[in-house]
Each structure stands twice: as C-alpha cells, then as structure tokens.
Amino acid sequence: MPRISALICRSCGRKYPVEPINACDYCFGPLEVTYDYNAIAKVISREKIQKGPYSMLRYHDLLPIDVENAVEINAGFTPLMRCNNLGKAVGLENLYIKNDSVNPTFSFKDRVVTIAATKAREFGFDTLACASTGNLACSVAAHAARAGMKAFVFIPADLERGKVVGAAIYNPTLIAVDGSYDEVNRLCSEIGDNYPWAFVNINIRPFYAEGSKTLAYEVAEQLGWKAPDHTVVPAASGSMFTKIWKGLKEFSSLGLIGKVSTRMHVAQPEGCSPIIEAYDSKTLQVKPVKANTIAKSLAIGNPTDGIYALKTIQESKGSAVIAMEAEIANGIKLLAETEGIFTETAGGVVIAGLKRLVDEGRIKRDELTVAYITGNGLKTIEAVEDAVKPVFTKPNLEAFEKAMHAGVTL
Ligand SMILES: *Cc1c(COP(=O)(O)O)cnc(C)c1O
Ligand SMILES: [Zn+2]
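Residues numbered from 1 in each chain as written. Chains lettered and ligands numbered in written order. Predicted model: local features only at pLDDT ≥ 70, side-chain atom pairs only at ≥ 80, totals over all residues. Heavy atoms only, no water.

Draft legend 1. Structural view of the domain arrangement of the chain. Taken domain by domain, the chain consists of domain 1 (1-43) and domain 2 (80-106 + 209-387). Here the C-alpha centroids of domain 1 and domain 2 sit 27 Å apart. Every contact between the two is made by nine residues of domain 1 and, on the other side, nine residues of domain 2. One salt bridge connects K246 with E32, and the closest N-O pair in it is separated by 3.3 Å. (Domains from an automatic or database assignment. Contact = heavy atoms within 4.5 Å. Salt bridge = Lys/Arg side-chain N within 4 Å of Asp/Glu carboxyl O.)

If you want it as structure tokens, here you go:
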C-alpha cells in the first residue's frame with residue numbers, strides 16, 4: 001500500500017484527505033502529496049530497489065499509488081549517458097545526458113501520467129483528460145488505451161504534426177482548441193467543474209506531479225547512488241523541476257544517497273520565460289507572459305509551479321537560464337551530431353542553456369552535470385527540417401561522384 005499521509009497545501013500548510021483535489025479551499029494554494037517517511041524508511045533500501053522492475057515502478061515505495069493497480073506502459077528506466085563529445089563541445093569534463101526521449105510515448109510525460117492514470121482508476125474514474133502542450137496528450141491517450149479508459153485530450157490547434165498524430169493514433173477524443181495553451185488550460189478548468197473526469201494535470205495534479213521524482217531517483221541510482229553537482233532542467237509549468245529536487249532530498253533523507261548539494265538550473269526559451277524574468281528581477285512573483293516560442297512543449301505563459309521553481313533555485317543555489325529562439329535548433333543539432341540523440345525543441349532549450357551556464361562560469365569544467373532531455377526530436381521535425389538536407393543523386397556511380405564533388409567533403 002502507498003504510504004501517503006495526506007495532501008498538504010504548499011502555501012498555508014493545511015491538510016486534506018487523499019482525494020482528487022488540487023487546490024486549498026482557504027488560500028487556493030496547490031496541494032502536494034506527503035508521505036509517512038518513517039514507514040518508508042523501514043521498507044526501502046538500495047537492494048530492494050535494485051531487485052524491482054525495470055521501470056519507474058522500482059521506486060513505488062515513494063510513489064502515491066498501489067503498485068498492483070498500476071496502469072503500466074513501461075515508463076522510465078531510461079539511459080543516463082556519459083557524454084564526452086558534447087562535453088568537449090561545451091567545455092565540461094563530467095557531463096551526462098538523462099535521455100528521457102525514449103519513453104513509450106517519447107517524452108518524460110509517461111512518468112507523470114503513469115501515476116495519474118493509476119490514481120484516477122483507484123479513485124474510480126472511467127475517463128482521463130488533460131490540457132496539453134502536446135506531449136501530455138500523447139501520453140494520456142496511450143495510458144487510457146492501455147487501461148481501457150475513455151480519454152478527452154485538449155491541445156492548442158497549432159501544435160506540431162508529430163504531436164497531433166502522436167496523440168490521435170491512440171484514438172482519444174482529441175479536441176484542438178483555437179487558442180494558446182493557457183486558454184486551453186482555462187477552458188479545461190471550467191470543463192472539469194462540469195464533468196466527472198480525471199484531468200491528470202488539474203484535479204489529479206498532486207499525484208501526477210509525483211511521477212517526476214523518478215527522474216531524480218533514477219539519475220542518483222545510475223550515478224552509483226549519488227546526486228550530481230548540477231542539473232539542467234527545462235520548465236513549462238515548473239512542476240518537473242521542483243519534483244526532481246524533491247526526489248533528491250527524499251533519497252538523501254532516507255539515507256539512500258549522501259548529502260545533496262546539487263545546484264538546480266531551470267531552462268526556458270526566450271519566447272516564454274516567465275520564471276527567468278522573475279529570477280532576474282529577484283522576485284518570487286511570476287508575471288504571466290504571452291507565449292511565442294518554437295519550443296511549444298514549454299509554451300506555458302502562466303506557470304502553476306513558477307513560485308516553487310524559484311524557491312527550488314533559491315534553496316539549491318541554482319539559477320535560471322535562457323535559450324534564445326535562434327539557439328534552439330542549434331542545440332538540437334549539436335546534441336544529435338555529438339552524441340546521436342535526437343531531441344525535440346525542449347531539449348534544444350536545455351542544450352543551449354547548458355552552454356550558456358558553462359560560458360558564464362555558473363558550471364565549472366570538472367563538475368558533475370546532468371542535463372535532462374525530456375522529449376523526442378521526431379515530434380518536432382518542423383524545427384530543424386530546413387537546417388538539414390540529403391545529397392540527391394541518380395542511381396549510378398557517375399552521378400553519385402558528381403553529387404559528392406558538388407557539395408560534400410569526405
Ligand atoms: C511538459 C514538458 C516539459 C515541462 O514540464 P513541466 O513540469 O510543466 O515544467 C519539459 N519537456 C517536455 C518535453 C515536456 O513535454
Ligand atoms: Zn492553503
């Protein structure tokens with residue numbers, strides 16, 4: 001059984017029962033899952049984790065679900081790759097990429113939806129729903145298919161084709177809204193008040209968010225049970241960023257790893273950087289912006305967890321880093337050319353941000369750094385297709401050699 005003690009308001013600390021609710025009645029603050037860590041400490045160990053399933057569910061003692069009920073498409077247990085080529089290119093000697101682009105629906109969202117879908121079923125819902133910037137739609141639709149649940153997924157109509165088709169293929173009801181993500185989200189909040197649906201990132205959000213902690217657990221385990229010196233993490237709502245930090249602290253307080261002195265760096269694109277703007281103005285008040293970026297998966301102008309992302313930066317002595325719009329495609333190309341990993345635009349933001357952090361001396365050459373790559377490049381081909389092209393030739397040797405001389409150096 002999950003060892004959840006309660007939901008607790010992150011703002012005023014009031015306690016709530018474990019129900020499909022996400023906001024405090026008194027102060028409207030977001031609710032968070034808390035655990036009975038004494039009970040968890042008695043059952044968890046490195047050895048037990050290592051004997052667990054090869055998926056994120058190996059950490060089920062620290063997740064708010066009963067593992068027997070899991071809606072499983074095998075999310076997690078993704079590679080942590082040492083990246084010397086990319087390291088050389090950006091000036092780091094101890095760089096790792098957490099490649100979460102190889103999840104079942106090709107983004108880290110499978111981690112959060114595994115928890116949300118399971119919890120929704122435990123609460124007795126028969127319908128999964130979400131407001132999505134793209135990747136969440138794919139993951140919710142896939143998990144609903146697997147669980148035999150109905151799915152209603154809402155997206156902004158102008159998403160990349162890879163994400164629209166990548167969600168539609170699982171046969172959800174896919175609703176393409178003529179508006180921004182922030183407008184989609186507002187609409188979904190209203191719909192949620194009128195329909196008995198499990199909106200994974202609205203009424204199920206406290207549970208959903210916990211799935212991202214496994215991104216911290218896995219990296220710590222893969223590094224040989226220790227925390228990195230730095231992480232670079234992309235942010236839309238800011239939730240994943242705060243949960244990676246929570247996961248590292250949990251592992252440390254349970255004695256699974258030593259003291260955590262990780263500096264948490266959050267990356268956002270120039271065209272949607274409300275968290276960075278607040279960080280630069282030295283305030284915890286995030287001012288909503290109108291998103292206009294090619295990194296559509298990060299296009300949340302009014303980030304729900306913005307203030308907690310800023311507190312995570314403060315607590316961890318990290319920072320916020322920008323990727324200029326013009327740098328995003330180059331970041332995607334650099335990672336692909338140096339390490340053979342094809343990421344989507346959010347990953348381009350991370351690589352551009354990583355480079356800036358090193359250039360500005362915020363990460364030192366020898367410090368152990370993990371950059372989180374959270375989505376797959378085949379979903380955002382539009383961002384790079386003009387920057388790459390094949391050598392065209394007729395199918396004979398003479399034409400081949402002519403084509404090679406025309407433009408290619410061997
Ligand atoms: C959703 C998403 C994010 C950001 O997640 P938040 O928890 O909302 O900050 C980052 N990368 C990718 C690829 C995503 O789909
Ligand atoms: Zn409250």
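Draft legend 2. Looking closely at the coordination of the zinc ion (ligand 2). The protein atoms donating to the zinc ion (ligand 2) are C9 (SG), C12 (SG), C24 (SG) and C27 (SG), with metal-donor distances spanning 2.3 to 2.4 Å. Coordination at the zinc ion (ligand 2) is tetrahedral, judged from the four donor atoms that bind it and the angles of 98 to 118 degrees they form at the metal. Here the donor residues of the zinc ion (ligand 2) share one chain and are spaced in sequence as C-x2-C-x11-C-x2-C. With C9 in strand β1 (residues 4-9) and C27 in the loop between β2 (15-16) and β3 (31-35), this pair connects stretches of sequence that are 18 residues apart. (Donors = N, O, S within 2.8 Å, 3.2 Å for Na, K, Ca; no water. Tetrahedral: all angles 85-135°; square planar, octahedral: opposite > 155°, others 65-115°. Helix = DSSP H or I, 4+ residues; strand = E, 2+ residues; numbered from the N terminus.)

Draft legend 3. Geometry of the site of ligand 1. Looking at ligand 1, there are 16 residues lining it, with K109, N135, A236, S237 and T374 nearest. Contacts to ligand 1 include K109, whose side-chain N or O atom sits 2.8 Å from an oxygen atom. The separation between an oxygen atom of ligand 1 and a polar main-chain atom of G238 is 2.9 Å. Burial of ligand 1 by the protein amounts to 97% of the accessible area it has alone, namely 380 Å². Along the lines of polarity and charge, the residues of the shell around ligand 1 split into seven nonpolar, seven polar and two charged. (Near = heavy atom within 4 Å. Polar contact = N/O pair within 3.5 Å; in protein donor to acceptor, adjacent residues only side chain to side chain. Areas by Shrake-Rupley, 256 points an atom, 1.4 Å probe, with all protein chains shown as cover. Nonpolar A, V, L, I, M, F, W, Y, C, P; charged D, E, K, R; others polar.)

Draft legend 4. Quick look at unusual backbone geometry. Located in the positive-phi region is N171, a residue other than glycine, with phi close to 60 degrees. For N171, the location among the structural elements is in the loop between α6 (161-168) and β8 (173-177). For N171, a relative accessible area of 67% gives the class exposed. Positive phi values are uncommon outside glycine, yet K317 reaches one of about 55 degrees. (Buried < 20%, exposed > 50% of the residue type's maximum accessible area, 1.4 Å probe, protein only.)

Draft legend 5. Just the nonpolar core, in detail. In terms of nonpolar packing, the biggest core is built from 82 residues, with L128, V140, V200, I244, F251 and V370 touching the most fellow members. A domain-level breakdown of this core finds at least three residues from each of domain 1 (1-43) and domain 2 (80-106 + 209-387). If we skip the residues at most four places from it in the chain, I244 touches S212, L215, A216, V233, M264 and Y372. Among the nonpolar cores identified, the runner-up in size contains 39 residues, and L92, A295, L335 and I351 belong to it. (Core = buried A, V, L, I, M, F, W, Y, C linked by side-chain atoms within 4.5 Å.)

Draft legend 6. Spotlight on the state of the cysteines. Tallied over the entire structure, the rule returns zero disulfides. For the unlinked cysteine C188, the closest cysteine sulfur is that of C130, found at 7.3 Å. For C188, a relative accessible area of 0% gives the class buried. (Disulfide = S-S within 2.5 Å.)

Draft legend 7. Spatial organisation of the pairing of strand β13 (residues 369-373). Counting buried residues along β13, five of its five residues qualify, which places the element largely inside the surrounding structure. Neither face of β13 is open: one carries T369, A371 and I373, the other V370 and Y372, and all of them are buried. Sheet analysis places strand β5 (residues 95-99) next to β13, joined by five bridges and oriented parallel. Counted as the bridge partner of N99 is I373 from β13. Relative to β13, strand β10 (residues 230-234) runs parallel, the two sharing three bridges. Bridge pairing in β13 places H230 opposite T369. (Pairing = 2+ DSSP bridges.)

Draft legend 8. Highlighting the layout of surface pockets. Roughly 270 Å³ of volume is contained in the second largest pocket. Every element with two or more residues in the lining of the second largest pocket is listed here: β3, α10 (239-253) and α12 (306-316). Here the element with the most residues in the lining of the second largest pocket is α10; it accounts for five residues. Partitioned by chemical class, the residues of the lining of the second largest pocket number four nonpolar, three polar and seven charged. Domain assignment of the residues forming the lining of the second largest pocket places at least three in each of domain 1 (1-43) and domain 2 (80-106 + 209-387). (1 Å grid on protein atoms, 1.4 Å probe; cavity = no way out; pocket = protein on both sides within 12 Å on 5 of 7 lines; lining within 4 Å. Points joined across faces, edges and corners; volume = space filled by probe spheres on them.)

Draft legend 9. Geometry of helix α7 (residues 181-194). With 14 residues, α7 should reach 20 Å at 1.5 Å per residue; the first-to-last C-alpha distance of 20 Å fits that figure. Turning to α7, its buried residues number three or more, namely Y181, D182, V184, C188 and I191. Residues of α7 that are buried in the fold lie against β6 (127-131), β7 (150-156), β8 and β9 (198-199). (Expected span 1.5 Å × (residues − 1).)

Draft legend 10. Region of interest: a nonpolar patch on the surface. Judged by side-chain polarity, F342, L378 and I381 come together as a nonpolar surface patch covering roughly 260 Å² of accessible area. By secondary structure assignment, the location of F342 is in the loop between α13 (325-339) and α14 (345-359). (Patch = residues over 30% accessible without salt bridge, like charges linked within 9 Å, V, L, I, M, F, W, Y side chains within 5 Å.)

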